[in-house]
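The residues making up each chain are set out below.
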Amino acid sequence: MILSTHRDHLSRALDSARSRGFRVGLVPTMGFLHEGHLSLVDQARKESDFVAVSIFVNPLQFGPGEDLDRYPRDLQRDLSLLRSRGADLVFCPSDGEMYPDGEPQVTVDPGPLAERLCGAYRPGHFAGVLTVVARLFGLFRPDVAVFGQKDIQQAVLIRQMVEDLEMGVEIALGPIVREADGLAMSSRNVLLSEEERPEAAGLFEGLQSVLRAFLGGEREGAALRRILLDELGNHPLLNLQYAEVVSPETLEPVGAASSGSVVVLAAYCGPTRLIDNHILTR
Ligand code: PAF
């Protein structure tokens, strides 16, 4: 596995892979990897010949008072996980290497899709995400990039950016990987206290209650949302930000849910913010 911390070195390694005719797959991450990330590496392996992973905790996507300083990091552990999963290259730049001139003067405006859901609670977050992803795409020029469904609004915005700016990168979505009790895997889960951890699984119970109702024939978006809120109300440690049934394209609430509608939610569990979603299917 090639380890790269500098852009010049990265560029040479990628040129050499391309000169051998390899299709390059990229899995962008902020490190502290778990099985969810590793499943994206597996997916990139299926969709490309040369699997590159970036590890960079992007300061641009954290607002003031958010958890940039608390964000968990363990580079050595990440590298050994990626080595055993067969990644070909890992790029882990310093802040200075990623943004050599300091904060970029030109950033990506994510537009109206970023005004709802997480974007409404985290101003500037998606501009920071899209700016770093655009920069990573510039550095890697990947054929395909794989993102997790857990951050569904992020994935929708990245697809839109690639389309609107003709970036020529295929975007693949990897499914949510869950703990035994259903909690979606997240680097932030280690921040949960012993008391908070079981309560956090209430998010999955909420999603399951909506799925059951949908499978039972309920289609009204508002009724499904009410069922979700009722279930989440059973978990006093969850402090809900939003819970909605939305369209996968517009992220707007649906009047009538159908296969493909997405149940999305975000909640604080103690000081830790968690998000989750489920794509409804028959
Ligand atoms: O999903 C993440 O881990 C980050 O938002 C990403 C896409 C790596 C950009 O920093």
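Computed from a predicted model, the values in this text were never measured in an experiment.

1. A look at the side chain of Asp-67
- Along the chain, Asp-67 turns up in the loop between β3 (50-55) and α3 (75-85).
- Sequence-distant contacts of Asp-67, defined by excluding residues within four places in its chain, comprise Phe-62, Arg-188 and Leu-191.

2. A closer look at the layout of surface pockets
- The volume enclosed by the second largest pocket comes to roughly 210 Å³.
- Around the second largest pocket sit 15 residues that line it, and Met-30, Ile-55, Phe-56, Val-57 and Arg-73 are the ones nearest its centre.
- Tallied by class, residues from the lining of the second largest pocket come to 10 nonpolar, 1 polar and 4 charged.

3. A few points about helix α7 (residues 152-164)
- Under the 1.5 Å per step criterion, the end-to-end length of α7 is 18 Å for 13 residues, consistent within 8% with the ideal 18 Å.
- Every buried residue of α7 is accounted for by Ile-152, Gln-153, Gln-154, Ala-155, Val-156, Leu-157, Ile-158, Met-161 and Val-162.
- Buried residues belonging to α7 abut α5 (117-121), α6 (125-140), β5 (144-148), β6 (170-174), β8 (262-269) and β9 (272-279).
- Looking one or two places after α7, you find Glu-166, whose phi comes out positive at around 50 degrees.

4. Focus on the pattern of salt bridges
- Summed over the entire model, instances satisfying the criterion amount to 14 salt bridges.
- Between Arg-141 and Asp-15 there is a salt bridge whose closest N-O contact spans 3.7 Å. Placement of the pair is Arg-141 in the loop between α6 and β5 and Asp-15 in helix α1 (residues 7-19), with a sequence separation of 126 residues.
- Exposure remark for Arg-141: the relative accessible area of 46% places this residue in the partly exposed category.
- The exposure class assigned to Asp-15 is partly exposed, which follows from its relative accessible area of 40%.
- A salt bridge links Asp-67 to Arg-188, with the nearest nitrogen and oxygen atoms 2.7 Å apart. Note that Asp-67 is positioned in the loop between β3 and α3 and Arg-188 in the loop between β6 and α8 (196-200), a separation of 121 residues in sequence. Arg-188 carries the same exposure label as Asp-67, and that label is buried.
- One salt-bridge network, in which partners are shared between bridges, spans Glu-35, Asp-42 and Arg-85.

5. Description of the nonpolar core
- Membership of the largest hydrophobic core comes to 46 residues, with the highest contact counts inside it found for Leu-89, Met-98, Val-133, Phe-137, Phe-140, Ile-158 and Ile-171.
- Per element, the largest residue contribution to this core is 10 residues, and it comes from α6.
- Leu-89 has contacts with Met-1, Ile-2, Leu-10, Ala-13, Phe-50, Val-51, Ala-52, Val-53 and Phe-140, leaving out every residue within four places of it along the chain.

6. So, unusual backbone geometry
- Even without glycine at this site, Arg-141 takes up a positive phi of about 40 degrees.
- Phi at Glu-166 takes a positive value of approximately 50 degrees, unusual for a residue other than glycine.
- Topologically, Glu-166 is positioned in the loop between α7 and β6.

7. Considerations on the environment of Ala-134
- Tracing the sequence through the fold places Ala-134 in helix α6.
- For Ala-134, a relative accessible area of 18% gives the class buried.
- Considering only alpha carbons, one finds Ala-134 and Asp-230, 96 residues apart in sequence, at a separation of 40 Å.
- Residues in contact with Ala-134, not counting those within four places in the same chain, are Val-108, Met-161 and Met-167.

8. With respect to helix α9 (residues 202-215)
- Here α9 is 14 residues long and its end C-alpha atoms lie 20 Å apart, about the 20 Å a rise of 1.5 Å per residue gives.
- Those residues of α9 lying buried are Gly-202, Leu-203, Phe-204, Gly-206, Leu-207, Ser-209, Val-210, Leu-211, Ala-213 and Phe-214.
- Looking at the packing, one finds that the buried side of α9 touches α8, α10 (221-232), β7 (238-246), β8 and β9.

Rules used throughout
Residues numbered from 1 in each chain as written. Predicted model: local features only at pLDDT ≥ 70, side-chain atom pairs only at ≥ 80, totals over all residues. Heavy atoms only, no water. Helix = DSSP H or I, 4+ residues; strand = E, 2+ residues; numbered from the N terminus. Contact = heavy atoms within 4.5 Å. 1 Å grid on protein atoms, 1.4 Å probe; cavity = no way out; pocket = protein on both sides within 12 Å on 5 of 7 lines; lining within 4 Å. Points joined across faces, edges and corners; volume = space filled by probe spheres on them. Nonpolar A, V, L, I, M, F, W, Y, C, P; charged D, E, K, R; others polar. Expected span 1.5 Å × (residues − 1). Buried < 20%, exposed > 50% of the residue type's maximum accessible area, 1.4 Å probe, protein only. Salt bridge = Lys/Arg side-chain N within 4 Å of Asp/Glu carboxyl O. Core = buried A, V, L, I, M, F, W, Y, C linked by side-chain atoms within 4.5 Å.

The quantities given are spatial measurements derived from coordinates; they are silent on function.
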